[in-house]
Amino acid sequence: MNLPPIGIPGDLARDDMPDLLRHWYLGPRARRHMMMRRFFEVDRHLDHVRGNRVLDIGSAWGFNVMALERMGFRATGVDLIPAQFEVGKRIAAHNGVAFDVAAADAAALPFRDATFDFVTMVETFEHIYDEDRPRALAECRRVLTPGGRLVLSTPNHASVVERIKRVAVRHGWMRQRLPSMCLPEQGTARDDYHPYRYHHPLPDHEIAALVETAGFRVVSMSHFLFVMKNTPDVLARPWCSGERLLERTPAINRLAATVCIVADCA
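Residues numbered from 1 in each chain as written. Predicted model: local features only at pLDDT ≥ 70, side-chain atom pairs only at ≥ 80, totals over all residues. Heavy atoms only, no water.

Draft legend 1. Structural context of the overall build of the protein. A tally of regular secondary structure across the protein gives 9 helices and 7 strands. What you see for the protein is a C-alpha radius of gyration of 18 Å, in line with the 18 Å of a compact globule of 266 residues. The principal-axis extents of the C-alpha atoms in the protein amount to approximately 50 × 45 × 40 Å. A buried classification covers 52% of the 266 residues belonging to the protein. Sequence separation of at least 24 residues holds for 74% of the intrachain contacts in the protein that already meet a minimum separation of 6. Of the accessible surface of the protein, which amounts to about 12500 Å², a share of 54% is contributed by carbon and sulfur atoms. Side chains of the protein carry 34 positive and 32 negative charges; the gap between the two charge centres is 5 Å. (Helix = DSSP H or I, 4+ residues; strand = E, 2+ residues; numbered from the N terminus. Rg over C-alpha atoms; globule rule 2.2 N^0.38 Å. Buried < 20%, exposed > 50% of the residue type's maximum accessible area, 1.4 Å probe, protein only. Contact = heavy atoms within 4.5 Å. Areas by Shrake-Rupley, 256 points an atom, 1.4 Å probe, with all protein chains shown as cover. Lys, Arg positive; Asp, Glu negative; His and termini not counted. Charge placed at Lys NZ, Arg CZ, Asp CG, Glu CD.)

In structure tokens form, the structure reads like this:
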């Protein structure tokens, strides 16, 4: 399966583009590769035999909603912050696809029970406030049909990158010398919570336990991505080729940047 490309209107100014569009989808080769792998590794676990209604949580400017629509799924998206929706609508109109994305909290989904066959979360779970995660997963279970499937990707807590981040937040001098990145949250109060600034990955077994407590059965867990977002274009292609070997190497693959968890309704 390949993710279909999404065309960008020529009159859309770069200053009007959200960061995920400007710096990742239209960014350097390594960043585009990382973004597309994360969506691909989630969406490849969807198939039309199981159904075609998909809820995408954390849709931002709606890339995955548009991609799923072009793959023949009926996709609906939600995001807590609607600031990117207008750009998403323009891009969807340019590509002739639906932009069905609404402002909503993952912990209080505005849908009836058993509305969807799949729920996807691509790099979203780590941005949900800790206390809300059990309720958000319970909501995913509620809106899924019997036999429905949840697929989520999130930063791997055991990865080299996340280990470096946890050290960096304890040492100011190190943090200042690192490139811009989402650093681990440090006791954010709910009144100060904003999903784009909140970053708290969990170990694999803790995510799996939360998912199963919500009424799912974890059917697979995979680790992928070794490319760094600041890799120069000249090195991106050989590095991307080499990461496939690392992903297939036992023990080493557990250090990859991203984990994908697939779970079916129990």
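Draft legend 2. Quick look at unusual backbone geometry. Look at Ala60: it is not a glycine, yet its phi comes out positive at around 55 degrees. Relative to the helices and strands, Ala60 resides in the loop between strand E1 (53-57) and helix H3 (63-70). The exposure class of Ala60 is buried, given its relative accessible area of 7%. Unlike most non-glycine residues, Leu225 shows phi in positive territory, near 85 degrees. Locating Leu225 in the fold gives a position in the loop between strand E6 (216-224) and helix H9 (233-247). By relative accessible area, Leu225 is classed as buried at 1%.

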